[in-house]
Amino acid sequence: MATSSLSINTGAPRNVTGHVVSGSLAAGALAAAINYNKYKNGEIQKSEAINNSIKLSAQGGIATGSAIAAANYLGQGNIVNMLTAISVGVMGVYAVEKVSDKLTQRKEIEVEEEK
């Protein structure tokens, strides 16, 4: 395990999986409230509100889990693993965004073909 002289007391290591769930729930609740308001105001369709809420929920869980893992590694002085955890989080959020974009494009194509 690579350690460095830089370490910050981040407290006891926290459970990453539990924080992924917590982050997903928190982000999902916030996204659902925002998207419901947009739907209620006629700004977006119901399916778009649901899909966006699910996407943001997944991204919130990934971001929270990677942040907790990074903080755990920082507390151990393990800078390489901290940066790896952050990178995995960034890639995960980006992957969810790209998958969501592809699914939206596929749905738009299917709707056009039905016309």
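Being a predicted model, the structure only gives us computed values, none of them experimental.

**Things to note about helix 3 (residues 79–114)**
Then, in step 1: Across its 36 residues, helix 3 extends 53 Å between first and last C-alpha, which sits within 8% of the 52 Å expected from 1.5 Å per residue.
Then, in step 2: If you follow the buried residues of helix 3, they end up packed against helix 2 (46–76).

**So, the pattern of salt bridges**
Then, in step 1: The tally for this structure, following the rule as stated, stands at two salt bridges.
Then, in step 2: Between Lys55 and Glu97 there is a salt bridge, with its nearest N and O atoms 3.2 Å apart. You can see Lys55 sitting in helix 2 and its partner Glu97 sitting in helix 3, a full 42 residues away along the chain.
Then, in step 3: According to the relative accessible area criterion, Lys55 is buried, its value standing at 14%.
Then, in step 4: Among the ionic pairs, Asp101 bridges to Lys98, the shortest N-O distance being 3.8 Å. Taken together, the residues span about one helical turn, with Asp101 and Lys98 both in helix 3 at a distance of three residues.

**Regarding the packing of helix 2 against helix 3**
Then, in step 1: Where helix 2 contacts helix 3, the two axes come as close as 7 Å, and the packing angle between them is 170°. In terms of their interaxial angle, helix 2 and helix 3 are classed as roughly antiparallel. Where helix 2 abuts helix 3, its residues Ser47, Lys55, Ala58, Gln59, Ile62, Ala63, Ser66, Ala69, Ala70, Tyr73 and Leu74 lie against Ile79, Asn81, Met82, Ala85, Ile86, Gly89, Gly92, Val93, Val96, Glu97, Ser100 and Lys107.
Then, in step 2: Taken together, the residues that form the contact of helix 2 with helix 3 break down as 13 nonpolar, seven polar and three charged.

Criteria and thresholds
Residues numbered from 1 in each chain as written. Predicted model: local features only at pLDDT ≥ 70, side-chain atom pairs only at ≥ 80, totals over all residues. Heavy atoms only, no water. Helix = DSSP H or I, 4+ residues; strand = E, 2+ residues; numbered from the N terminus. Expected span 1.5 Å × (residues − 1). Contact = heavy atoms within 4.5 Å. Salt bridge = Lys/Arg side-chain N within 4 Å of Asp/Glu carboxyl O. Buried < 20%, exposed > 50% of the residue type's maximum accessible area, 1.4 Å probe, protein only. Axes fitted to C-alpha atoms, helices over the stretch in contact; angles between N-to-C directions. Parallel < 35°, antiparallel > 145°, perpendicular 65-115°, else oblique. Nonpolar A, V, L, I, M, F, W, Y, C, P; charged D, E, K, R; others polar.

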